[in-house]
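Notes for the structure review
Okay, here's what each chain looks like letter by letter:
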Amino acid sequence: MPVVTFDRNDLDALLGQKVDLETLLERVPQLGADVHSYDEATNSLSIEFFPDRPDLYCVEGAATALRAFLGFEEGLKRYPVTDSGIILKAEESVKNVRPYIVAGVVRGVSLNNAAIKSLMELQEKLHITMGRKRAKVAIGIHDLDKITAPFTYKAVNPDSLSFVPLAKTECMSMREILTKHEKGKAYAQLLDGKELFPVILDSNDDVISFPPIINGALTTVTENTKNIFIDVTGTDLNAINGALNIVACALAERGGSIQLVSIESSSKFKTPDLNPKTKDITVGDVNSLLGCNLNAIQICEALSKMGCDSQIIGDIIRVNISATRMDILHEVDVIEDVAKGYGYENFGNRLPASQTFGSELSETKASNVIRQLLIGYGYLETTTLTLTSEETQFKMMRLPETEVVSVLNPISEDHTCLRVSLIPSQMALLRKNKHRDLPQKLFEVGDVVIDAVRHKRLAAVNISVKSSFTEIKSLVESILRDLSVKYEIQSSSSEMFIPGRGAEIVSDGKIIGVFGEIHPEVITNFELRYPVIALELDVEAVTEGKLDRVA
């Protein structure tokens, strides 16, 4: 989760009053965060915020939330917005490259070294999280006084335009930046296959930004910067609007005045749009979900501490929510804010009304028996995430892609879908432990998701200098013997195994597992250098008809 580090004096200045450390340590976790560390020598505090609250990824956003939560300035924080008169024209040429752009202006900002550092860290945290490493959202922050409006966003031939990129003194073409500049090398893949590259120019054809790669050195922000131009480009209009709102409001906390920019593309609109979002909840729904007995006034008071305004309209409570709150997607999210504002410490505790006795499910008992067997065979149990990526599941394993349950808005490129096999997860674990001594014998009894249905599987891997097909076959036979499974072994054509050294386990005419020696290309894909053997078994199939007899 993102960790935000800031000077406590800077926080106190933004809060408008000094807050003692004990209060912060006690109250911050109730807001939905965790105090990561406090350095007494530097008076710096590190807070780990949940990934669903990008508005708190900077000291300015944290101060805004804490002012309401601590009762200093409750309710919705509203920022006055005026029109800058600036026009940004987005040409049709960018539609197939990086289609969306929004922008804003913040004037009269007071920046010092701490403020600039906070702003840059906010930018990068938004890039990594909601920006999906700039693929979805890329933010540019510029000194407005060094450029001349109106601005143009268009796509150009990468060899036709040269400029001095941020942190450099040498003029480079856009194509050269991808091979010579540190940021260009890091994000060049975002423009793979593109014949034209996106660029933002001012009226003098000076380069403001080359999104999503790098800004021009011309617009570098310094402590002397007073007026700031913000551009946000990407592939999701809602996400880039949210990012713009967060950055603009953070700068407004530094004394800036927010101004609108007119975006002219296929349609015309002005940004940033700071109009509050509205959600309706009922007292009954709140109390039903939270197990409380709050009245409408108490609910409104709780929401006020979470930076929301609310109005009681009959049986409905209409809630106005800040435009920076990207986490509020459903009425349930508003009710979660009610719980935080009311105070988790006020929920109390009580004993259950009736006494019951729990017991393990038979499937759990069977899984535990299998775990004991593998431990007895000398294997070390592991637990890995069900979330993985198509690349790990298929491409790196030399397997054809099959249908998977995909994550709609993945947080990272490594967690884009639910796994359909356990072996890739174990291979990834071997890669992370390649610096450890050999042999490494690992296993996992875990879930895979096929056709949106969860299934329990066993996977085991062994990496060593002498790993062989005979060894993994002996392990399979031992497991199936101890589980009293009748089976046959037949050749496997799976390309994750070396040809002729992969096999399928068949029981009652159904394939219930595979095992063999992992193909050298797969081993190389996972940055390993020694032979690997692996097996994967369907736990439900090998224990079918035996669950009621498992002790």
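Residues numbered from 1 in each chain as written. Predicted model: local features only at pLDDT ≥ 70, side-chain atom pairs only at ≥ 80, totals over all residues. Heavy atoms only, no water.

1. Side note on the overall build of the protein chain
Defined as follows: Per the convention used, a helix needs a DSSP run of H or I reaching at least four residues, while a strand needs a run of E reaching at least two, with both numbered from the N terminus. Under the scheme applied here, a residue whose accessible area is under 20% of the maximum for its type counts as buried, over 50% as exposed, and between as partly exposed, the area being computed with a 1.4 Å probe on protein chains only. In this description, contact between two residues means that some pair of their heavy atoms is separated by no more than 4.5 Å. A residue counts as positive if it is Lys or Arg and as negative if it is Asp or Glu; His and the chain ends are not included. By convention, the point assigned to a charge is CZ for Arg, NZ for Lys, CD for Glu and CG for Asp.
Per the secondary structure count, the protein chain includes 16 helices and 27 strands. C-alpha extents for the protein chain along the principal axes are approximately 80 × 70 × 50 Å. Taking all 551 residues of the protein chain together, the buried fraction comes to 52%. A separation of at least 24 residues holds for 69% of the contacts in the protein chain among residues at least 6 apart in sequence. Of the side-chain charges in the protein chain, 58 are positive and 76 negative, and the distance between the mean point of each set is 3 Å.

2. Regarding the layout of surface pockets
The condition is simple: A cavity, in this analysis, means grid points on a 1 Å lattice covering only the protein atoms where a 1.4 Å probe fits yet has no way out; a pocket is instead an open set bounded by protein on both sides within 12 Å along at least five of seven lines, and a residue lines either one if it has an atom within 4 Å of a point. Grid points are joined across faces, edges and corners, and a volume is the space filled by probe spheres set on the points. In this classification, the charged set is Asp, Glu, Lys and Arg, the nonpolar set is Ala, Val, Leu, Ile, Met, Phe, Trp, Tyr, Cys and Pro, and all remaining amino acids, among them Gly, are polar.
Of the pockets and cavities examined, the largest pocket occupies roughly 720 Å³. Lining the largest pocket are 25 residues, with Met 130, Asn 238, Met 326, Asp 327 and Leu 329 sitting closest to its centre. Per element, the largest residue contribution to the lining of the largest pocket is six residues, and it comes from helix H7 (residues 237-252). Each residue belonging to the lining of the largest pocket can be placed in one class, and the counts come to 11 nonpolar, seven polar and seven charged.

3. Describing the UniProt feature "binding site: Mg(2+)" (unreviewed entry) in the protein chain
Cut-off, in case you're wondering: UniProt positions are given in the numbering used here, feature names are shortened, and annotations may be inferred rather than shown by experiment. Residues adjacent in sequence count toward polar contacts only when both atoms are side-chain atoms; beyond that, a polar contact is any pair of N or O atoms within 3.5 Å, and within protein one must be able to donate a hydrogen and the other to accept it.
UniProt's entry tags Asp 327, Asp 333, Glu 336 and Asp 337 with the feature "binding site: Mg(2+)" (unreviewed entry), counted in the numbering of this structure. In this structure, the largest pocket is lined, among the annotated residues mentioned, by Asp 327. Those residues within four positions of Asp 327 in sequence are excluded, and the remaining contacts are Asp 52, Arg 53 and Asp 333. A polar atom in the side chain of Asp 327 sits 2.8 Å from the side chain of Arg 325. The residue Glu 336 is located in helix H10 (residues 331-342) in this model. Of the residues examined, Glu 336 reaches a relative accessible area of 34% and is grouped as partly exposed.

4. Structural notes on the packing of helix H8 (residues 283-290) against H10
How we decide: Between the N-to-C directions of two axes lies an angle of 0 to 180 degrees, each axis being a line fitted to C-alpha atoms and, for a helix, fitted only over the stretch in contact. When describing relative orientation, an angle under 35 degrees is termed roughly parallel and one over 145 degrees roughly antiparallel, while 65 to 115 degrees is termed roughly perpendicular and anything else oblique. Helix crossings are classified by the rotation of the near helix relative to the far one: an anticlockwise turn of less than a right angle makes the crossing left-handed, while a clockwise turn makes it right-handed.
As a packed pair, H8 and H10 sit with axes 10 Å apart at the nearest point and diverge in direction by 70 degrees. Classed by the angle they form, the pair H8 and H10 counts as roughly perpendicular. The two elements H8 and H10 meet at a crossing, and its hand is right-handed. For the pair H8 and H10, contact is made by Asp 285, Val 286, Leu 289 and Leu 290 and by Val 332, Ile 335, Val 338 and Ala 339, respectively. Classifying every residue of the contact of H8 with H10 by side-chain character gives seven nonpolar, no polar and one charged.

5. A look at unusual backbone geometry
Across residues other than glycine, the phi torsion is negative in most instances, and most of the peptide bonds are trans. With an omega of 0 degrees, the peptide bond between Ala 149 and Pro 150 qualifies as cis. Looking at where Pro 150 falls in the secondary structure, it is placed in the loop between strand S6 (137-143) and strand S7 (151-156). Omega for the peptide link from Pro 211 to Pro 212 comes to 0 degrees, which places this bond in the cis form. Examined against the element boundaries, Pro 212 turns out to sit in the loop between strand S11 (207-210) and strand S12 (214-215). We note that Arg 132 has phi near 50 degrees; this positive angle belongs to a residue other than glycine. Considering the arrangement of structural elements, one finds Arg 132 in the loop between helix H4 (113-128) and S6. The phi angle at Ala 452 is positive, at roughly 65 degrees, despite the residue not being glycine. By the secondary structure assignment, Ala 452 is in the loop between strand S22 (440-450) and strand S23 (453-463). Assessed through its relative accessible area of 63%, Ala 452 is described here as exposed.

6. Overview of the sheet that holds strand S16 (residues 277-282)
Counted only if it meets this: When DSSP locates at least two bridges between a pair of strands, those strands are taken to pair.
Pairing is antiparallel across the open sheet formed by three strands, whose spatial order is S16-S18-S17. Each edge of the open sheet carries a strand with a single partner, namely S16 and strand S17 (309-313). If you compare each strand with its neighbour and ignore which way they point, the axes differ by 25 degrees on average. Examined bridge by bridge, S17 and strand S18 (residues 316-321) share five bridges and lie antiparallel to one another. Along S18, the bridge assignment pairs Gln 311 with Arg 318. Relative to the sheet, helix H9 (residues 296-304) contacts S16, S17 and S18, its axis offset from that of S17 by approximately 165 degrees. Against the sheet, H10 makes contact with S16 and S18, and its axis sits at roughly 75 degrees relative to S16, the strand it touches most.

7. Considerations on empty space enclosed by the protein
Enumeration over the complete set of coordinates arrives at one cavity of 30 Å³ or more. Taken as a whole, the largest cavity spans an internal volume of roughly 30 Å³. With four residues, the top contributor of residues to the lining of the largest cavity is H4. Looking at side-chain class alone, the lining of the largest cavity contains five nonpolar, one polar and two charged residues.

8. A few points about a nonpolar patch on the surface
Which entries qualify depends on this criterion: Exposure above 30% relative accessible area and the lack of any salt bridge qualify a residue for a patch; like charges then connect within 9 Å, and the nonpolar side chains Val, Leu, Ile, Met, Phe, Trp and Tyr within 5 Å. Note on areas: Shrake-Rupley, 1.4 Å probe, and residue coverage restricted to the protein chains presented here. For salt bridges, the criterion is a side-chain nitrogen of Lys or Arg within 4 Å of an Asp or Glu carboxyl oxygen.
On the surface, a nonpolar cluster with roughly 240 Å² of combined accessible area is contributed by Leu 385, Leu 387 and Val 407. Its place among the elements puts Val 407 in the loop between helix H12 (390-395) and strand S21 (417-418).

9. Quick look at the sheet that holds strand S2 (residues 33-39)
Pairing in this open sheet of three strands is antiparallel, and the strands run S1-S3-S2 from one edge to the other. Where the open sheet ends on each side, the last strands, each with one partner, are strand S1 (3-7) and S2. Averaged over all pairs of adjacent strands, the angle between strand axes in this sheet comes to 20 degrees, irrespective of strand direction. Where S1 lies against strand S3 (residues 44-49), five bridges are found, and the strand directions are antiparallel. Bridge assignment links Phe 6 to a residue of S3, and that residue is Leu 45. Where helix H1 (residues 8-15) meets the sheet, its contacts fall on S1, S2 and S3, and the angle it forms with S1 comes to roughly 85 degrees.

10. Some points on helix H14 (residues 469-482)
Just so we agree on the cut-off: In this scheme, a helix's expected span is set at 1.5 Å multiplied by one less than its residue total.
The terminal C-alpha atoms of H14 lie 20 Å apart, and with 14 residues this matches the ideal 20 Å at 1.5 Å per residue to within 8%. For H14, the set of buried residues is Ile 472, Leu 475, Val 476, Ser 478, Ile 479 and Leu 480. Of the surrounding elements, those touching the buried residues of H14 are helix H11 (362-376), S23, strand S25 (497-507), strand S26 (510-518), strand S27 (532-538) and helix H16 (539-542).

11. Here's the deal with the packing of aromatic side chains
In this description, an aromatic ring pair is defined by two values, namely the gap between the centres and the angle between the planes. The following threshold applies: Each Phe, Tyr or Trp ring, with Trp reduced to its six-membered ring, pairs with another whose centre is within 6.5 Å; inter-plane angles below 30 degrees give stacked pairs, above 60 give edge-to-face pairs, and intermediate values give tilted ones.
Evaluation of the coordinates by the stated rule reveals five aromatic pairs. Relative to Phe 347, the ring of Tyr 342 has its centre 5.7 Å away and its plane inclined at 85 degrees; by these criteria the two rings are edge-to-face. Judged by its relative accessible area of 31%, Phe 347 is partly exposed. An aromatic cluster is present here, built from Tyr 342, Tyr 344 and Phe 347 joined pairwise through their rings.

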